[in-house]
Amino acid sequence: MLSQLFAIVVTLIGYRGATAITVRFPRLQPLVVAVLVVGVSWWLLSGDWEAFSAGGQWISFWLGPATVALAVPLAKQIREFAHIWKGVLLGVAVGSAVAILVVLVIHWCLGSDELLVKSMLSKSVTTPIALELSRSIGGVPALTAFFTALTGMIGVLIARPVLKWGGIREDWAIGIAVGTSAHAIGTASLNRISPVQTAASSVAMIVAGVITSIYLIPFSF
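Residues numbered from 1 in each chain as written. Predicted model: local features only at pLDDT ≥ 70, side-chain atom pairs only at ≥ 80, totals over all residues. Heavy atoms only, no water.

> How should I be thinking about empty space enclosed by the protein in this particular structure?
To find leftover empty space, a probe the size of one water molecule is rolled over the atoms. Within this structure, the stated rule accounts for one cavity of 30 Å³ or more. The volume enclosed by the largest cavity comes to roughly 50 Å³. If you trace the largest cavity, you find it lined by Ser-96, Ala-99, Ile-100, Leu-121, Ser-122, Lys-123, Ser-124, Val-125, Thr-180, Ala-208 and Thr-212. Elements supplying a minimum of two residues to the lining of the largest cavity: helix H6 (78-110) and helix H11 (195-215). When residues in the lining of the largest cavity are grouped by element, the largest group, three residues, is from H6. Classifying every residue of the lining of the largest cavity gives five nonpolar, five polar and one charged. (1 Å grid on protein atoms, 1.4 Å probe; cavity = no way out; pocket = protein on both sides within 12 Å on 5 of 7 lines; lining within 4 Å. Points joined across faces, edges and corners; volume = space filled by probe spheres on them. Helix = DSSP H or I, 4+ residues; strand = E, 2+ residues; numbered from the N terminus. Nonpolar A, V, L, I, M, F, W, Y, C, P; charged D, E, K, R; others polar.)

> Hey, could you run me through the nonpolar core in this one?
Ranked by size, the top nonpolar core spans 12 residues in total: Val-88, Val-92, Ala-93, Trp-172, Ile-176, Val-196, Ala-200, Val-203, Ala-204, Val-207, Ala-208 and Ile-211. Where this core is concerned, the elements lending two or more residues are H6, helix H10 (171-190) and H11. Counting residues per element, this core draws most heavily on H11, at seven residues. With 11 residues, the next largest nonpolar core counts Val-103, Leu-121, Leu-133 and Phe-147 among its residues. (Core = buried A, V, L, I, M, F, W, Y, C linked by side-chain atoms within 4.5 Å. Buried < 20%, exposed > 50% of the residue type's maximum accessible area, 1.4 Å probe, protein only.)

> How should the layout of surface pockets be read in this particular structure?
Of the voids in this model, the second largest pocket is the one considered here, and its volume is about 520 Å³. Lining of the second largest pocket is provided by 25 residues; of these, Thr-151, Gly-155, Ile-158, Ala-177 and Ser-181 occupy positions nearest its centre. Only H6, helix H9 (141-165) and H10 provide two or more residues apiece to the lining of the second largest pocket. At nine residues, the largest contribution of residues to the lining of the second largest pocket is made by H9. Classifying every residue of the lining of the second largest pocket gives 17 nonpolar, seven polar and one charged.

So, in structure tokens, the structure goes:
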């Protein structure tokens, strides 16, 4: 129990340290820096990864409430959303379909294991939903958690350059793109940039979870 508590303390302090670093160097992504800082710190201080995983479960418990809290910016932009909801729904539906299609194409090209594929199919939705979807279609939740986190981190790193290259500058368009492809991690990254982008990303993240759940129904049989 003490090891688990120590893991939680190291994680929280490491995250605060990473936040301070990214304030000084804004180009760095907080989550990526936090992963490196916490990982290296725990490796140097303990190295007991089973205890770290057990402690992390206490933090993971709050993923659900934290994800719900991302709906607060949406409440402030609800009137604007009411005028564009059809376009948002269509965009998220297409984006979610592409996310699944990419996994299937990779599987077809590389001949990867079916269990691995099922663990990857829900990688583009927020973690609590992704884990439940993985269980329902016969995937491995632990692998799904890894791929979901990796998808979010990669999405955060490449979203800005890709959107800038594509000439996409409108706040709602940016938010929808990030929320659909990089779920809660991407949404959180927008929180310090624009409340409108955060609201749009929150919408996309929620809708993507629902639509992906529908898309994956055939894989559960």
